[in-house]
Amino acid sequence: MNLPNVLTMSRIVMIPVFVVVFYLPMQWSYMASAVIFALAGITDWLDGYLARKLNQSTPFGAFLDPVADKLMVAVALAVLIEEHAAVLMTIPATIIIGREIVISALREWMAEMGSRASVAVSYIGKIKTTAQMVAIVGLLAFPPGQLLAYVSIGLLYLAAVLTLWSMVLYLQAAWPDLFPDNDH
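Nothing here was measured: the structure is a model prediction, and the numbers come from that model.

## A few points about the packing of helix 3 (residues 59-84) against helix 4 (residues 87-113)
Where helix 3 meets helix 4, the closest approach of the two axes is 9 Å, and the angle between their N-to-C directions is 160°. The orientation of helix 3 with respect to helix 4, classified from their angle, is roughly antiparallel. As helix 3 runs across helix 4, the sense of the crossing is left-handed. Residues K70, V73, A74, L77, L80, I81 and H84 of helix 3 form the contact with helix 4, whose own contacting residues are M89, T90, A93, I96, I97, E100, S104 and R107. A class-by-class count of the residues in the contact of helix 3 with helix 4 yields nine nonpolar, three polar and three charged.

## A few points about the nonpolar core
Grouped together as the largest cluster of nonpolar side chains are 29 residues, with contacts concentrated most on F18, F37, L77, M89, I136, L140 and L156. For this core, the elements supplying multiple residues, two or more each, are helix 1 (3-23), helix 2 (29-53), helix 3, helix 4, helix 5 (123-141) and helix 6 (147-178). For L140, the contacting residues outside a window of four places in its chain are F18, F22, Y30, M31, S33, A34, F37 and L80. Among the nonpolar cores identified, the runner-up in size contains six residues, and L106, M110, M167 and A174 belong to it.

## Comments concerning a nonpolar patch on the surface
Residues M1, L3, V6, F60, F63, V67 and L71 make up a contiguous nonpolar surface patch of roughly 660 Å² in combined accessible area. Put simply, the parts of the chain that give the nonpolar patch at least two residues each are helix 1 and helix 3. Among the elements that line the nonpolar patch, the one with the most residues is helix 3, at four residues. Secondary-structure assignment places V6 in helix 1.

## A word on the packing of helix 1 against helix 2
For the pair helix 1 and helix 2, interaxial distance at closest approach is 9 Å and the crossing angle is 170°. Judged on the interaxial angle alone, helix 2 and helix 1 are roughly antiparallel. Partitioning the contact of helix 1 with helix 2 into residue classes produces 17 nonpolar, five polar and three charged.

## Section: the side chain of S33
Turning to its location among the elements, S33 is positioned in helix 2. At 2.9 Å, the side chain of S33 and the backbone oxygen of Y30 are in polar contact. Setting aside anything within four residues of it in sequence, one finds S33 in contact with F18, V21, F22 and L140.

## Topic: the side chain of T8
Turning to its location among the elements, T8 is positioned in helix 1. T8 sits in the buried class, given a relative accessible area of 2%. Beyond its immediate chain neighbours, meaning those up to four positions away, T8 contacts D47, L64, D65 and A68.

## Some words on the pattern of salt bridges
When the charged atoms of two side chains with opposite charge come close together, those side chains can pair. By the definition in use, this model includes seven salt bridges. In this structure, R11 engages D47 in a salt bridge whose closest nitrogen and oxygen atoms are separated by 2.5 Å. Taken as a pair, R11 in helix 1 and D47 in helix 2 lie far apart in primary sequence, 36 residues in all. Like D47, R11 is buried. The partner of D69 in a salt bridge is R11, and the shortest N-O contact between them spans 2.7 Å. A residue pair is termed long-range when its members are at least 10 positions apart, and D69 in helix 3 and R11 in helix 1 qualify at 58 residues. Residue R11 is classed as buried on the basis of its relative accessible area of 2%. Through salt bridges with shared partners, a single network forms among R11, D44, D47, D65 and D69.

Rules used throughout
Residues numbered from 1 in each chain as written. Predicted model: local features only at pLDDT ≥ 70, side-chain atom pairs only at ≥ 80, totals over all residues. Heavy atoms only, no water. Axes fitted to C-alpha atoms, helices over the stretch in contact; angles between N-to-C directions. Helix = DSSP H or I, 4+ residues; strand = E, 2+ residues; numbered from the N terminus. Parallel < 35°, antiparallel > 145°, perpendicular 65-115°, else oblique. Left-handed = near helix turned anticlockwise from the far one by under 90°. Contact = heavy atoms within 4.5 Å. Nonpolar A, V, L, I, M, F, W, Y, C, P; charged D, E, K, R; others polar. Core = buried A, V, L, I, M, F, W, Y, C linked by side-chain atoms within 4.5 Å. Buried < 20%, exposed > 50% of the residue type's maximum accessible area, 1.4 Å probe, protein only. Patch = residues over 30% accessible without salt bridge, like charges linked within 9 Å, V, L, I, M, F, W, Y side chains within 5 Å. Areas by Shrake-Rupley, 256 points an atom, 1.4 Å probe, with all protein chains shown as cover. Salt bridge = Lys/Arg side-chain N within 4 Å of Asp/Glu carboxyl O. Polar contact = N/O pair within 3.5 Å; in protein donor to acceptor, adjacent residues only side chain to side chain.

As structure tokens, this is what we get:
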């Protein structure tokens with residue numbers, strides 16, 4: 001067990017804390033849940049940085065890091081769908097969650113095929129992740145109906161568009177392995 005792995009596991013531990021704080025009947029619960037989510041995002045960056053800098057990358061960390069990320073994002077989007085109770089929120093959240101499921105399955109399958117490198121994280125994926133994280137923090141911090149909540153929904157739509165774009169790029173990279181030419 002090393003520091004990057006402890007940071008990754010802390011994100012998983014933060015999930016139930018995040019949910020409880022979000023649903024507390026207190027005025028500050030929105031902002032506090034936004035801070036918890038932002039802290040999870042910071043630990044995501046920090047654990048990767050430390051794993052590379054300290055040469056502490058492990059197979060366990062490589063497995064758990066994307067799981068922790070996807071769990072935190074999916075749970076945050078789920079509570080936001082419920083809180084906003086509007087198709088405006090549900091559409092981009094569903095696109096983002098659906099894409100994560102598709103790409104996770106694709107990466108697992110490609111790894112079994114020995115072609116994992118062709119579905120590595122892309123630059124567009126990094127931009128998508130940044131837009132998504134900022135949008136979720138904004139949506140958590142500002143209740144539905146506030147101007148900054150609408151701005152955050154706009155950012156979430158940007159993240160959803162980038163999500164679809166990056167998924168198309170992943171699928172294009174994997175296409176030869178998914179549908180090999182049978183003419184040989």
